[in-house]
2 protein chains.
Amino acid sequence: MDDLKKAIRSIPDFPKKGIVFRDITTLLANPEAFGKTLDLMETYCRERKADKIVAIESRGFIFGGALANRLGVGLVIVRKPGKLPGQTISQEYELEYGTDKIEIHTDSINKGDSVIVVDDLVATGGTLEASCKLIEKAGGKVAGISVLVDLAFIPWREKLKGYDIQALVKFESE
Amino acid sequence: MDDLKKAIRSIPDFPKKGIVFRDITTLLANPEAFGKTLDLMETYCRERKADKIVAIESRGFIFGGALANRLGVGLVIVRKPGKLPGQTISQEYELEYGTDKIEIHTDSINKGDSVIVVDDLVATGGTLEASCKLIEKAGGKVAGISVLVDLAFIPWREKLKGYDIQALVKFESE
């Protein structure tokens, strides 16, 4: 998807020296590129017969809302701790230093739901893996994961093995 | 919009005792209610001839992405400090205790852009006012503000006077 890749801006030394940040805000500002991204994600979700979309805070929300509406299925949000007001289940995951946690509403997934998890990118795979675990704890089935950007030089495949992943744009180096 | 109001769950004593939290996750899980929300927001944006959507982190992203795609216009995101990698302008706003800050990419708004600001709800109006100021600093014109929920018992009107606001569901008391 060369046209999508070109719509993403690269910013050197953000958030720290030596890192090239892949900035999707330029793609979001481009209606054709954003529309094509959603078209491809929608096709993937239809093929895998998703009956629910799970979007990860916060950039996953940008894609997840539009996708759930296009598909006519429910949208479920995975959030940082303390944000969801109902009964939740939570899942820890590792950061470079320390751990973090995400939550989902317990009643947001029904037993047997076929769910696609949506986020802007896969890097370490930590939040995606934690999100999949939450969905499974709640009784749902992860039918796939859809992201715009794959930072392919970071080893996330081991963490997400067993899950099908759609990634539209791949960056092979930092 | 009684059907939209019914789709929103009320959770007492969250985040603290005495507050009734209006939980939109039940509306997001309901494809008809979420679809109708977006239909009404889309109509508002078309009437006001928006040529850009500005969505506020993070629940504003859920509506903003879908709206920008439906309208075929660019999406711009307003984020918490340190998240946007390009050159930014920032705006402080008051919290109950202390202040907070939001940012926008300097090059994301062009002079004369006609912008609709989108978020999930209006409460104190602080982040919405700060977002409008950012858009104006960048040379854009705020054509309107669209939110799902109006917490009408909190006095936000003074802060947002001069701006047109669409709010789909109104709660008159806590």
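In this report, the structure presented in the accompanying data block is examined.

What counts as what
- In every chain, residue numbers begin from 1 and rise along the written sequence.
- To read the labels, note that chains go from A and ligands from 1, taken in the order they are written.
- Only residues with pLDDT of 70 or above have their local features reported here, since the model is predicted, and side-chain atom pairs are shown and tallied only from 80 upward, although totals for entire chains, interfaces and linings are computed over all residues.
- Hydrogen atoms and water are omitted, and side-chain values are computed over all heavy atoms in the structure.
- Lines fitted to the C-alpha atoms define the axes, with helices restricted to the stretch that makes contact. Angles between their N-to-C directions range from 0 to 180 degrees.
- Under the DSSP-based scheme used, a helix requires at least four consecutive residues in state H or I and a strand at least two consecutive residues in state E, with every element numbered from the N terminus.
- Note on terminology: angles under 35 degrees are roughly parallel, angles over 145 are roughly antiparallel, angles of 65 to 115 are roughly perpendicular, and the others are oblique.
- A clockwise turn of the near helix away from the far one marks a right-handed crossing, whereas an anticlockwise turn of less than a right angle marks a left-handed crossing.
- Two residues qualify as a contact provided that any one of their heavy atoms is within 4.5 Å of a heavy atom in the partner residue.
- Polarity classes work like this: nonpolar for Ala, Val, Leu, Ile, Met, Phe, Trp, Tyr, Cys and Pro, charged for Asp, Glu, Lys and Arg, and polar for all others, with Gly in that last group.
- Least squares is used to superpose the copies, and the fit set is the C-alpha atoms of residues whose pLDDT is at least 70 in both copies.
- Ring pairs shown here join Phe, Tyr and Trp side chains whose ring centres sit within 6.5 Å, with only the six-membered ring taken for Trp; geometry is labelled stacked below 30 degrees between planes, edge-to-face above 60, and tilted in between.
- In this scheme, a residue with accessible area under 20% of its type's maximum is buried, one over 50% is exposed, and one in between is partly exposed, where area comes from a 1.4 Å probe on protein chains only.
- Think of it this way: DSSP has to see at least two bridges between two strands before they count as a pair.
- Crossover handedness is defined by viewing with both strands directed away from the observer: a clockwise path from the first strand over the helix to the second marks the crossover as right-handed.
- Here, expected helix span is obtained from the residue count minus one, scaled by 1.5 Å.
- A simple way to read buried area is as the amount of 1.4 Å-probe accessible surface that goes missing from two parts once joined, with both sides added.
- When a carboxyl oxygen of Asp or Glu lies within 4 Å of a side-chain nitrogen of Lys or Arg, that pair is called a salt bridge.
- By the criterion applied in these results, polar contacts are pairs of N or O atoms within 3.5 Å in which, for protein atoms, one can donate a hydrogen and the other can accept it, and in which residues neighboring in sequence qualify only through two side-chain atoms.

Contact pair helix 4 (residues 59-71) of chain A / helix 4 (residues 59-71) of chain B: the axes reach a minimum separation of 7 Å and the direction vectors enclose 55°. Between helix 4 of chain A and helix 4 of chain B, the interaxial angle falls into the category oblique. Crossing hand, helix 4 of chain A versus helix 4 of chain B: right-handed. Taken together, the residues of helix 4 of chain B that come into contact with helix 4 of chain A (itself represented by A:Arg59, A:Phe61, A:Ile62, A:Gly65, A:Ala66, A:Asn69 and A:Arg70) are B:Arg59, B:Phe61, B:Ile62, B:Gly65, B:Ala66, B:Asn69 and B:Arg70. A class-by-class count of the residues in the contact of helix 4 of chain A with helix 4 of chain B yields six nonpolar, four polar and four charged.

Here we come to the relation of the copies chain B and chain A. Of the transformation placing chain B onto chain A, the axial shift is 0.0 Å and the rotation is 180°, giving an RMSD of 0.0 Å. Look at the turn and shift together and you get a two-fold axis relating the two. Every residue of chain B has its C-alpha some distance from the rotation axis, and the shortest such distance is that of B:Ala66, at 2.0 Å.

A few words on the packing of aromatic side chains. Residue and element names in this part refer to chain A. For the structure shown, the criterion picks out four aromatic pairs over all chains. When the ring of Phe 14 is compared with that of Phe 21, the centres are 5.2 Å apart and the planes differ by 90°; the resulting orientation is edge-to-face. Across the pair, Phe 21 and Phe 14 agree in class, each one buried. Ring geometry for Phe 34 and Phe 63: centres 5.9 Å apart, planes at 70°, overall edge-to-face. Of the two residues, Phe 34 is situated in helix 3 (residues 31-47) and Phe 63 in helix 4; the sequence distance between them amounts to 29 residues. The same class applies to Phe 34 and to Phe 63, which are both buried.

All names here are of chain A. Among the nine residues of strand 7 (residues 114-122), eight are classified as buried, and the element is accordingly described as predominantly covered. Examined bridge by bridge, strand 3 (residues 52-56) and strand 7 share four bridges and lie parallel to one another. Note on strand 7: the bridge partner recorded for Lys 52 is Val 115. In the sheet, strand 7 pairs with strand 8 (residues 141-151) via eight bridges, with the strands oriented parallel. Residue pairing for strand 8: Val 115 is matched across the bridge by Val 142. Each parallel crossover has a hand, and for strand 7 linked through helix 5 (residues 126-137) to strand 8 it is right-handed.

Each turn of an α-helix holds 3.6 residues, which means side chains three or four residues apart point in the same direction. Residue and element names in this part refer to chain B. The end-to-end C-alpha distance of helix 5 (residues 126-137) is 16 Å, a good match for the 16 Å that 12 residues give at a rise of 1.5 Å each. At its buried positions, helix 5 is contacted by strand 3 (52-56), strand 4 (74-78), strand 5 (88-94), strand 6 (99-105), strand 7 (114-122) and strand 8 (141-151). Phi turns positive one or two residues past the end of helix 5, at Gly 139, with a value near 100°.

Here we take up the interface of chain B and chain A. Contacts between the two partners involve 34 residues from chain B, matched on the other side by 34 residues from chain A. Here chain B packs against chain A, burying approximately 2,700 Å² in sum over the two surfaces, 61% of which is carbon and sulfur. Of all residues in chain B, B:Asn69, B:Leu75 and B:Pro85 bury the most surface against chain A, accounting for 20% of the area lost on that side. Counting across the chain B and chain A interface gives two salt bridges. Residue B:Asp107 is joined to A:Arg9 by a salt bridge in which the shortest nitrogen-to-oxygen separation is 2.9 Å. If you look at where chain B meets chain A, you find 14 residue pairs in polar contact (both at pLDDT 80 or more). Mapped onto the side of chain B that touches chain A, the elements with two or more residues apiece are strand 1 (9-12), strand 2 (20-23), helix 2 (25-28), helix 3 (31-47), helix 4 and strand 4 of chain B. When its residues are assigned to classes, the side of chain B that touches chain A shows 16 nonpolar, 10 polar and eight charged.

With that settled, the discussion passes to the sheet that holds strand 8 of chain B. Residues and elements named next belong to chain B. Taken in spatial order, the five strands make up an open sheet running 4-3-7-8-9, and their pairing is parallel. What marks the edges here is a single partner per strand, and that holds for strand 4 and strand 9 (165-171). Strand-to-strand twist across the sheet, computed as the mean angle between neighbouring axes with direction ignored, equals 20°.

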